[in-house]
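Here is what each chain is made of, one letter per residue.
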Amino acid sequence: MDTIVIEGQHDLKGSVHIGGAKNAALPILVSSLLSDGWNTYTNVPDLKDIQSIIALLNQLGAQTEVEQDCVGINASGLNVFEAPYDLVRKMRASILVLGPLVARLKKARVSLPGGCAIGARPINLHLKGLKQLGATIELEHGYVEASADRLRGADIYFDVVSVTGTENLMMAAVLADGVTVLRNAAREPEVVALAEVLTQMGAQIEGAGTAVMTIKGVSSLSPVTVKIIPDRIETGTFMVAAALTGGDITILDCEPEHLGAVVHKLQSTGTTIDIQDQSMRVRGSGEIKSVDIKTLAYPGFPTDMQAQFMVLMSIASGTSVISETIFENRFIHVSELRRMGADITVSGNTATVRGVGKLSGAPVMATDLRASASLILAGLAAEGTTAVSRVYHLDRGYEKIEDKFSHLGAAIKRVK
Ligand code: EPZ
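Let us look at the structure shown here.

Conventions used here
Here the residue index of a chain counts from 1 through its sequence in written order. At least 70 in pLDDT is required for a residue's local features to be given in this predicted model, at least 80 for side-chain atom pairs to be given and counted, and no such filter applies to totals for whole chains, interfaces and linings, which use all residues. The side-chain quantities take in all heavy atoms of the structure and omit both hydrogens and water. In the sections that follow, a salt bridge refers to a side-chain nitrogen of Lys or Arg positioned within 4 Å of a carboxyl oxygen of Asp or Glu. Only DSSP runs of H or I reaching four residues or more are called helices, and only runs of E reaching two or more are called strands; each is numbered from the N terminus. Buried, partly exposed and exposed residues are distinguished by accessible area as a fraction of the type maximum, computed with a 1.4 Å probe on protein chains only: under 20%, between the cut-offs, and over 50%, respectively. Using a 1 Å grid laid over the protein atoms alone, points where a 1.4 Å probe fits but cannot get out form a cavity; open sets with protein on both sides within 12 Å along at least 5 of 7 lines form a pocket; any residue with an atom within 4 Å of a point counts as lining. Grid points are joined across faces, edges and corners, and a volume is the space filled by probe spheres set on the points. Classification convention: Asp, Glu, Lys, Arg as charged; Ala, Val, Leu, Ile, Met, Phe, Trp, Tyr, Cys, Pro as nonpolar; all other residues, Gly among them, as polar. In short, DSSP must find at least two bridges between two strands for them to pair. For helices, the fitted line uses only the C-alpha atoms of the stretch in contact; every axis is such a line through C-alpha atoms, and the angle between N-to-C directions lies from 0 to 180 degrees. Any residue with at least one heavy atom within 4 Å of a molecule or strand is counted as near it. For this analysis, a polar contact is any N or O atom pair within 3.5 Å, provided that within protein one partner can donate a hydrogen and the other can accept it, and provided that sequence-adjacent residues contribute only side-chain to side-chain pairs. Nonpolar cores are built from buried Ala, Val, Leu, Ile, Met, Phe, Trp, Tyr and Cys residues. Side-chain atoms within 4.5 Å join them into one set. Whether two residues are in contact is decided by their heavy atoms, any of which lying within 4.5 Å being enough.

1. Here's the deal with the pattern of salt bridges
- Under the definition given, this model contains 21 salt bridges.
- Put simply, Asp2 and Arg414 hold a salt bridge, and the shortest N to O gap is 3.0 Å. Here Asp2 is found in the segment before strand S1 (3–7), whereas its partner Arg414 is found in strand S24 (residues 411–415), with 412 residues between them in sequence.
- The partly exposed category is assigned to Arg414, whose relative accessible area is 24%.
- With its nearest N and O atoms 2.6 Å apart, the salt bridge here joins Arg281 to Asp248.

2. Details of the layout of surface pockets
- One number sums up the size of the second largest pocket: a volume of about 180 Å³.
- A per-class count over the lining of the second largest pocket returns two nonpolar, one polar and eight charged.

3. Examining the sheet that holds strand S12 (residues 204–206)
- In spatial order, the strands read S10-S11-S13-S12; together these four strands make up an open sheet with mixed pairing. The sheet is open, and its two edges are formed by strand S10 (155–157) and S12, each paired on a single side. For this sheet the average axis-to-axis angle between neighbouring strands, irrespective of direction, equals 15°.
- Looking at chain direction, S10 and strand S11 (residues 179–183) are connected through three bridges and run parallel. Each residue of the ladder has a partner; that of Ile156, found in S11, is Leu182.

4. Section: the site of the ligand
- Every one of the 21 residues lining the ligand counts as a neighbour, but Asn124, Ser162, Thr164, Asp304 and Ile326 are closest to it.
- Ile326 places a polar main-chain atom, nitrogen or oxygen, 2.5 Å from an oxygen atom of the ligand.
- When residues in the shell around the ligand are grouped by element, the largest group, three residues, is from helix H5 (residues 124–132).
- Residue composition of the shell around the ligand, by class: ten nonpolar, six polar and five charged.

5. Some details on the nonpolar core
- Formed by 79 residues in total, the largest nonpolar core has its most connected members in Met170 and Leu198.
- Discounting residues that sit within four places of it in the chain, Met170 has contacts with Leu182, Val191, Leu194, Ala195, Leu198, Ile205, Met213 and Ile215.
- By size, the runner-up hydrophobic cluster in this structure holds 67 residues, among which are Ala241, Phe309, Met313 and Ala362.

6. What about the side chain of His333?
- Among the structural elements, His333 can be located in helix H11 (residues 333–339).
- In this structure His333 touches Gln306, Ala307, Met310, Ala371 and Ser374, once residues within four positions along its chain are discounted.

7. A look at unusual backbone geometry
- Between Tyr298 and Pro299 the backbone carries a cis peptide bond, its omega angle lying at 10°.
- You can see Pro299 is positioned in the loop between strand S18 (293–295) and helix H10 (306–314).
- The phi dihedral of Arg121 falls on the positive side, at around 50°, and the residue is not glycine.
- On the secondary structure map, Arg121 appears in the loop between strand S7 (107–111) and H5.
- Despite not being glycine, Lys400 shows a phi value in the positive range, around 50°.

8. Some details on the environment of Ala373
- Counting through the fold element by element, Ala373 comes out in helix H12 (residues 369–381).
- Remark: the alpha-carbon pair of Ala373 and Gln308, spanning 65 residues in sequence, is separated by 6.8 Å.
- The residues touching Ala373, leaving out its near neighbours within four places in the chain, are Thr237, Gln308, Leu394 and Tyr398.

9. Details of the pairing of strand S15 (residues 248–252)
- Direction of pairing for strand S2 (residues 13–17) relative to S15: parallel, over a ladder of five bridges. Within the sheet, the bridge partner assigned to Val16 lies in S15 and is Ile251.
- Judged from the four bridges that link them, S15 and strand S17 (residues 280–283) form a sheet pairing that is antiparallel. Paired with Thr250 across the two strands is Arg281, which belongs to S17.

10. A word on the sheet that holds S17
- Within the open sheet, the four strands sit side by side as S2-S15-S17-S16. Their pairing is mixed. Both outer strands of the open sheet, S2 and strand S16 (272–275), are each paired with one neighbouring strand and no more. In this sheet, neighbouring strand axes are inclined to one another by 15° on average, regardless of whether the strands run parallel or antiparallel.
- Where helix H8 (residues 232–245) meets the sheet, its contacts fall on S2, S15, S16 and S17, and the angle it forms with S15 comes to roughly 165°.

11. Some words on empty space enclosed by the protein
- Applying the stated criterion across every chain yields a total of three cavities of 30 Å³ or more.
- The computed volume of the largest cavity comes to approximately 50 Å³.
- The residue makeup of the lining of the largest cavity, split by class, is three nonpolar, three polar and four charged.

Right, dumping it as structure tokens:
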């Protein structure tokens, strides 16, 4: 298992290119199952999770070709309706094949994704919506077995906003008979990006990006060529890095529009942010002001930026209250940050962060994707050496992050 070693307190200066969004690429690559013929996707990030979803699509009978950031997928040969445990357990987003498989093959057998470090992450809303669309759902031996002769449009309400729940049901509904309404739908940019791809394929979708989406089923969809949108969480991670180290980073190929809440909160800490069309220049100030954050579904402050922001608050000048309302166990990074000198107390889904003068480098362990990013950030700001182990978590969602930080002047290296 690799370890990333960082000598902290180096100024970060220069520019960094943002890659394609993992959480847009995953559902968009899966949407290839809904068409016959070659779909071409560009600006696809080179990540473990992307390799996992391509392996699964191959397993289902799709042809795939990968050349750098370009992925081709042809699902004409789709003939397997089972997504096995050994693939699904590696990446829970594999559950996204459920809707398309029922829509195309009229049945699916997908391993139930286990929980993960940050929470139980049930899929009850995915299954409830599929039932409303006319599918028969059985749960046995750790698998979901779904079947439907014909999916019929339905009026579906999400008790909780669910990103992949919305995406799964969108992909089932586009080929269903009649009209489907998704109420309390997720509004994340990645959901909108999927809706745009499905529309390019011939789907009829209204209201993407709002809480009520209307989908009029069509008989078939055609393959497309699309570019994946920039990763807003990778962007936010580099924004926090600039704020944390008093650096001056120009972030290129990003979409500032997707980061409204993060921009607002960082500006409240005293960070200077100059926004251009597809880039942002972020400069840290001498004093970091403490601000409170509450994670919410988009356009609220993203839960995937909570751990990164907590590192910034740990060396701010006051006290910050951080409420995590999306996942029930997303403070795992707190104990590791404490070992680096942070003063954080947790009560339920609220963390109180009292700013300390500085963090001190230490050996720490990554536990989930965004927690590992926060430990890298802490190492960049800390005095002395930090060694982050189990960075395979990091590789799921960040492409060559140590190269990108090294290019900005950080003393960082990966040790096999
Ligand atoms: C997506 O996960 C993202 N993953 C997550 O990013 C992100 O943290 C999350 O959305 C929230 O924004 C992908 O897009 C691949 P949810 P998802 O369904 O869809 C509850 C990362 O770091 N819920 O929106 O699994 C659930 O327990 C990852 O890239 C139900 O109760 O999240 C949670 O409390 C981590 N029943 C809340 O909804 C359901 O059927 C939001 O979950 C579904 C969800």
